[in-house]
Amino acid sequence: MSCTPLLNQAVEIASAYFERRDSFPVFPHITPEQLRQAFGAGRPVPERGQAAEQVIAELARTAELGLVAHTGPRYFGFVIGGSLPVATAADWLTSAWDQNSGLYATSPAASVVEEVAAAWLLELLDLPRNASVGFVTGCGMANFTGLAAARHYVLRKAGWDVELDGLNGAPRINIILGEEAHVTVHTALRMLGLGTRAVKNVPTDEQGRMVPSELVKVLKTCSGPTIVCAQAGNVNTGSFDPLEDITAATREAGAWLHVDAAFGLWAAVSDELRHLVAGVEHADSWATDGHKWLNVPYDCGLIICAHPEAHRAAMTVTAAYLVQSDKERDPFEWTPEFSRRGRGFTVYAAIKHLGRSGVRDMVERCCVRARQMADLLRKHPSVEILNDVVLNQVLVRFKNSDDFTRTVIKRVQQDGTCWLGGTTWHNMAAMRISISNWATTEKDIQLSAQAILRAASTVAAGSRMAASVL
Ligand SMILES: *Cc1c(COP(=O)(O)O)cnc(C)c1O
């Protein structure tokens with residue numbers, strides 16, 4: 001049976017979705033109960049199957065009730081990149097080809113495309129050209145993989161083989177994080193058997209940056225195997241730990257430096273922004289995302305490691321049945337997963353389509369839009385911008401009030417022009433705006449700023465009325 005009609009149907013549905021995406025609220029107006037009902041929750045597994053065309057048509061109709069316009073230009077929640085059309089197309093092909101990309105022997109194309117994409121990434125991000133690169137599910141898994149390589153390396157230096165002997169009886173590892181370390185770093189430490197209780201936290205400044213003099217103090221309390229984890233791009237403020245000072249201090253102490261740089265690492269592609277990551281190239285491992293700022297579809301994280309042997313030793317298994325090739329890249333050697341999709345295709349397509357200048361423009365454009373948003377909002381007397389807008393993140397507070405700020409956020413979310421979330425920054429409620437999508441235009445920022453200020457006025461009018469009734 002030909003699969004052409006079905007695939008064409010999917011193309012038509014997806015194209016129609018893209019066309020209509022902007023006419024819907026960015027976040028759907030639907031309850032979980034309505035969605036459960038639409039998907040037929042509680043009904044038993046159907047005894048007899050249904051025609052594929054019908055399944056796809058119904059799936060699309062139902063799913064669309066609860067879809068969020070992540071690919072649209074006015075989704076500013078969390079740090080969620082959009083998706084370049086070329087990357088979406090490459091992703092479809094990746095699914096159609098369905099390559100098991102673990103080994104060169106299972107897919108020469110998937111292996112070599114990763115090799116080429118990896119080399120391009122190192123060039124774009126200006127990291128050591130002999131670093132190893134693994135294509136994982138996201139930056140969380142990249143943190144896990146980088147810290148696994150670190151664990152291997154610092155313990156081997158101490159005469160311990162953690163892959164063979166585990167952590168029972170192993171020399172103790174000092175783990176040093178900035179106070180603002182991302183939650184996935186903590187998850188990684190748990191999964192690696194290192195735990196989080198003994199972590200030594202380094203104080204951060206008002207923008208969330210690790211204070212290097214404090215790091216030096218903490219390093220002085222440590223002897224033996226030591227891993228430091230710094231951050232490039234704080235999820236709230238977009239700020240960067242001062243990496244030049246941090247790399248100098250960790251080198252001096254003989255510690256491993258891992259940098260969690262899910263979106264911040266992309267500052268390296270821009271002459272204007274590169275100063276933010278100055279010194280980053282001296283780290284030992286870097287975790288970043290393709291699905292955030294490179295705007296490839298989910299899921300795509302990247303782990304880059306300056307010590308390929310440590311990276312490989314931490315991830316590799318050998319089983320007699322594995323046809324491993326001596327020369328060619330076996331992608332599974334660089335990731336925790338074994339069988340997996342060919343994540344190199346989308347990265348390759350995105351970089352090939354944009355070129356160095358296109359990647360740079362996309363990153364710089366997002367930062368320009370973030371400043372534009374901050375400037376438009378700042379004009380309003382009730383608004384305070386809490387962060388230095390050095391990158392693509394804007395933190396907004398209204399009337400210096402937690403309640404007011406939270407109510408405005410809810411109101412904006414209901415309005416549907418744009419979507420953004422709330423956060424707590426230094427014990428204050430704040431609205432968090434992240435501009436990480438290639439498609440966001442100046443006009444989108446204007447429309448969204450208007451919607452936000454409109455929401456603030458409505459909430460203010462509401463509370464005045466409530467006050468007068470009282
Ligand atoms: C998003 C993010 C992560 C987690 O990345 P995922 O791709 O969601 O796994 C880790 N660290 C930072 C700084 C992030 O912004």
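The structure presented is a predicted model; accordingly, all values stated were derived computationally and were not measured. (Residues numbered from 1 in each chain as written. Predicted model: local features only at pLDDT ≥ 70, side-chain atom pairs only at ≥ 80, totals over all residues. Heavy atoms only, no water.)

Caption draft 1: Here's a closer look at the overall build of the chain. Check the secondary structure of the chain and you find 14 helices and eleven strands. A principal-axis box enclosing the C-alpha atoms of the chain has dimensions of 75 × 65 × 45 Å. Counting only residues that meet the buried cut, the chain has 51% of its 470 residues in that class. The contacts in the chain between residues at least 6 apart in sequence include a share of 73% that link residues at least 24 apart. Carbon and sulfur atoms make up 54% of the accessible area of the chain, which totals about 21,600 Å². Distance between charge centroids for the chain: 5 Å, based on 44 positive and 49 negative side chains. (Helix = DSSP H or I, 4+ residues; strand = E, 2+ residues; numbered from the N terminus. Buried < 20%, exposed > 50% of the residue type's maximum accessible area, 1.4 Å probe, protein only. Contact = heavy atoms within 4.5 Å. Areas by Shrake-Rupley, 256 points an atom, 1.4 Å probe, with all protein chains shown as cover. Lys, Arg positive; Asp, Glu negative; His and termini not counted. Charge placed at Lys NZ, Arg CZ, Asp CG, Glu CD.)

Caption draft 2: Spotlight on the sheet that holds strand β9 (residues 393–398). One open sheet holds the four strands; their spatial order is β8-β9-β11-β10, and the pairing between them is antiparallel. Unpaired on one side and paired on the other, β8 (383–385) and β10 (421–425) mark the two borders of the sheet. When strand polarity is set aside, the average angle formed by the axes of neighbouring strands in this sheet is 40 degrees. Judged from the three bridges that link them, β8 and β9 form a sheet pairing that is antiparallel. Counterpart to Glu-384 in the pairing with β9 is Arg-397. Lying on the sheet, helix α12 (residues 344–378) is in contact with β8, β9 and β11 (428–434); it crosses β8 at an angle near 150 degrees. Lying on the sheet, helix α13 (residues 402–415) is in contact with β9, β10 and β11; it crosses β11 at an angle near 30 degrees. (Pairing = 2+ DSSP bridges. Axes fitted to C-alpha atoms, helices over the stretch in contact; angles between N-to-C directions.)

Caption draft 3: Focus on the layout of surface pockets. Taken as a whole, the largest pocket spans an internal volume of roughly 620 Å³. For the largest pocket, the lining is made up of 26 residues, of which Ala-14, Tyr-17, Phe-18, Leu-67 and Trp-92 are closest to its centre. The greatest single-element share of the lining of the largest pocket, amounting to seven residues, is contributed by helix α1 (residues 4–20). For the lining of the largest pocket, the class distribution of residues is 17 nonpolar, seven polar and two charged. Here the second largest pocket defines a volume of roughly 380 Å³. (1 Å grid on protein atoms, 1.4 Å probe; cavity = no way out; pocket = protein on both sides within 12 Å on 5 of 7 lines; lining within 4 Å. Points joined across faces, edges and corners; volume = space filled by probe spheres on them. Nonpolar A, V, L, I, M, F, W, Y, C, P; charged D, E, K, R; others polar.)

Caption draft 4: Quick look at the environment of Asn-236. Mapped onto the elements of the fold, Asn-236 is located in the loop between β4 (226–231) and α10 (243–253). C-alpha of Asn-236 to C-alpha of Thr-423: the two residues are 187 residues apart in sequence and 7.6 Å apart in space. Not counting chain neighbours up to four residues away, the residues in contact with Asn-236 comprise Asn-387, Gln-393, Leu-395, Thr-423, Thr-424, Trp-425 and Arg-432. Only 2.9 Å separates the side chain of Asn-236 from the side chain of Thr-423, close enough to count as a polar contact. (Polar contact = N/O pair within 3.5 Å; in protein donor to acceptor, adjacent residues only side chain to side chain.)

Caption draft 5: Representation of the sheet that holds strand β7 (residues 301–305) within the structure. The strand order across the open sheet formed by seven strands is β1-β7-β6-β5-β4-β2-β3, and the pairing between neighbours is mixed. In this open sheet, the two strands that pair with only one neighbour each are β1 (132–136) and β3 (200–202). This sheet shows a mean twist of 20 degrees between the axes of neighbouring strands, independent of strand direction. In this sheet, β3 lies alongside strand β2 (residues 174–178) in parallel orientation, the contact comprising three bridges. Looking across to β3, one finds that Ile-176 is bridged to Lys-200. Packing against the sheet, helix α5 (residues 108–125) makes contact with β1 and β7, and its axis sits at approximately 110 degrees to β1.

Caption draft 6: Just the pairing of β2, in detail. A large share of β2 lies buried, amounting to five of its five residues. Pairing analysis gives four bridges linking β2 to β4, with the strands arranged parallel. Looking at the pairing, Ile-176 lines up with Val-228 of β4. With helix α8 (residues 183–191) bridging β2 and the parallel β3, this β-α-β connection has right-handed handedness. (Right-handed = clockwise from strand over helix to strand, strands pointing away.)

Caption draft 7: Geometry of the packing of helix α4 (residues 85–97) against α12. Between α4 and α12, the shortest axis-to-axis distance is 8 Å and the interhelical angle comes to 150 degrees. Regarding the angle of α4 to α12, the classification is roughly antiparallel. Judged by the twist between their axes, the crossing of α4 over α12 is right-handed. Contacts between α4 and α12 involve Val-86, Ala-87, Ala-90, Asp-91, Thr-94 and Trp-97 from the first element and Phe-345, Thr-346, Ala-349, Ala-350 and His-353 from the second. (Parallel < 35°, antiparallel > 145°, perpendicular 65-115°, else oblique. Left-handed = near helix turned anticlockwise from the far one by under 90°.)

Caption draft 8: Inspection of the nonpolar core at higher detail. Among the nonpolar cores identified, the biggest contains 93 residues, and Trp-266, Leu-377, Met-431, Ile-433 and Ile-452 are the most heavily contacted of them. Per-element tally for this core: the top contributor is α12, with 13 residues. Contacts of Met-431, omitting those with residues within four sequence positions, involve Val-394, Leu-395, Val-396, Phe-398, Thr-405, Val-408, Ile-409, Val-412, Leu-420, Gly-421 and Ile-452. In terms of nonpolar packing, the next biggest core, distinct from the first, is built from 26 residues, Phe-144, Val-154, Leu-155 and Leu-192 among them. (Core = buried A, V, L, I, M, F, W, Y, C linked by side-chain atoms within 4.5 Å.)

Caption draft 9: Examining the site of the ligand more closely. The immediate surroundings of the ligand are formed by 14 residues, with Gly-140, Asp-260, Asp-289, His-291 and Lys-292 found nearest. Within the side chain of His-291, an N or O atom sits 2.8 Å from an oxygen atom of the ligand. Taking Lys-292, its side chain carries an N or O atom lying 2.8 Å from an oxygen atom of the ligand. Looking at the shell around the ligand residue by residue, the class counts come to four nonpolar, seven polar and three charged. (Near = heavy atom within 4 Å.)

Caption draft 10: Main features of the packing of helix α9 (residues 212–220) against α10. Packing of α9 against α10 brings their axes to within 9 Å, and their N-to-C directions diverge by 10 degrees. Comparing the axis directions of α9 and α10 gives the class roughly parallel. The handedness of the crossing between α9 and α10 comes out as right-handed. Listed contacts from α10 to Pro-212, Leu-215, Val-216 and Leu-219 of α9 are Asp-245, Ile-246, Ala-249, Thr-250 and Ala-253. Of the residues belonging to the contact of α9 with α10, the class tally is seven nonpolar, one polar and one charged.

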